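Here are the chains, one letter per residue:
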Amino acid sequence: MESLDLSRRHAVAALAGSALLSMLPARVFAQQQQQPLPSLIKLVVGYSAGGPVDGAARLLAPALGQELGTQVIVDNRPGAAGSLGGNAVAKAPPDGAMLFFGASPTITINPNVQRSMPFDPMKDLAPIAPLVDYTNVLVVNKDLPVRNVAELLAYAKAKPGKLFYGSAGVGASNHLSGALLEKMAGVQLTHVPYKGSAPALADVMAGTVPMMFDIIATSRPFIQSGRLRALAVTSRQRNRMLPDVPTMIESGVADYDVGGWFGLYGPARMDPALVARINAAAHRMLAREDIANRLREQGYDVWSGGAEVLATKGQSDRKLWATASKGIEAE
């Protein structure tokens, strides 16, 4: 009899325990079932410290760590226009301990212009989450006798090959923005590569080279001060930071829609569940008002979505730059 009562008591306790557990949030169980994340995640940046890619990564790394519940630090591995950093992540264990803060040129331009790229971004990296996108602006020296894109193209056609434009280097996005303009507008320009956008922009203001494409965030202060003249932005719609500046399309260059972006990647062999987990954390991070405002202050726009959004954008932009980069080879 006592054994029967004991069995009943055990059954009642079990039912009570089940009822209590069923009241707990479902995500508690999901968290218990997930593999623990590494205590330290390295967010690899393929460019030197202090540049625009590094600046965005350093803004987002601690916030991503907060959302994941672990520490995320920036690991700069500059070289080959981001390819060295991307290659390190492509060959890393797929446990989430090393992620790549991929700038669009590394993913979409490098495969078209680098003779011996050490990895294939489309095959060797797993897209995890889009992060931000940005627009470039076509700027000219304040003394160049042109006021709009139509006058610039007329000037270029009158002096074939004598209108120079600067860039961050051979194969950089602002180099290929100029090459694309040549193809679309039927003009002949001369490219002058620099070791980074900053010295190129300084020379545009000094008049050493008359024009370049640049990220809006870095050119905007000089546009506002009158040291540079903005002719057009490269996006399909006008940019909120330069609302009075027309687009290239408005300026008569049909279908000219060029921008850049940063996305989060891991090694290609990552578990889809881990990819989804990090994507969800990135989505929460970008939804935070403090993060969104700081990105906008740096000239970026929040670009949130699933891993497939990043994958599709990478593929389409790679095809776009294949056209613009034909005949161009980076060292």
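In the block above lies the structure referred to throughout.
Everything numeric in this text was worked out from a predicted model, so none of it was measured.

Caption draft 1: Expanded view of the overall build of the chain. When helices and strands are counted, the chain shows 13 helices and 10 strands. Per-residue burial for the chain yields a buried fraction of 48% across its 331 residues. Of the accessible surface of the chain, which amounts to about 15,700 Å², a share of 54% is contributed by carbon and sulfur atoms.

Caption draft 2: The arrangement of the side chain of Asn136 in detail. One can find Asn136 in strand S4 (residues 125–141). Of the polar contacts made by the side chain of Asn136, one reaches the backbone nitrogen of Ile215; its length is 3.4 Å. In this structure, Asn136 is in contact with Ser173, Ser177, Asp214, Ile215, Ile216, Ala232, Val233 and Thr234, ignoring residues within four places of it in sequence.

Caption draft 3: Examining the packing of aromatic side chains more closely. Applying the stated rule across the entire model yields six aromatic pairs. Relative to Phe262, the ring of Tyr134 has its centre 5.6 Å away and its plane inclined at 50°; by these criteria the two rings are tilted. In this pair, Tyr134 sits in strand S4 while Phe262 sits in strand S9 (residues 259–267), placing the two residues 128 residues apart along the sequence. In this structure, Tyr134 and Phe262 share a single accessibility class: buried. Geometrically, the ring pair formed by Tyr134 and Tyr300 is edge-to-face, given 5.9 Å between the ring centres and 70° between the ring planes. Of this pair, Tyr134 sits in strand S4 while Tyr300 sits in the loop between helix H12 (289–297) and strand S10 (301–302); the two residues are 166 residues apart in sequence, bridging distant segments of the chain. The exposure class assigned to Tyr134 is buried, which follows from its relative accessible area of 7%. Three or more aromatic residues joined by ring pairs form one cluster here, namely Phe101, Tyr134, Phe262 and Tyr300.

Caption draft 4: Broad picture of unusual backbone geometry. Although it is not a glycine, Ala80 sits at a positive phi angle of roughly 55°. Examined against the element boundaries, Ala80 turns out to sit in the loop between strand S2 (71–76) and helix H4 (83–90). For Ala80, a relative accessible area of 41% corresponds to the partly exposed category. Notably, Ala81 is not glycine yet its phi reads approximately 55°, a positive angle. Take Ala81: it is sitting in the loop between S2 and H4. Looking at Ala81, the relative accessible area reads 38%, which means it is partly exposed.

Cut-offs used in this document
- Residues numbered from 1 in each chain as written.
- Predicted model: local features only at pLDDT ≥ 70, side-chain atom pairs only at ≥ 80, totals over all residues.
- Heavy atoms only, no water.
- Helix = DSSP H or I, 4+ residues; strand = E, 2+ residues; numbered from the N terminus.
- Buried < 20%, exposed > 50% of the residue type's maximum accessible area, 1.4 Å probe, protein only.
- Areas by Shrake-Rupley, 256 points an atom, 1.4 Å probe, with all protein chains shown as cover.
- Polar contact = N/O pair within 3.5 Å; in protein donor to acceptor, adjacent residues only side chain to side chain.
- Contact = heavy atoms within 4.5 Å.
- Phe/Tyr/Trp six-rings, centres within 6.5 Å; stacked < 30°, edge-to-face > 60°.

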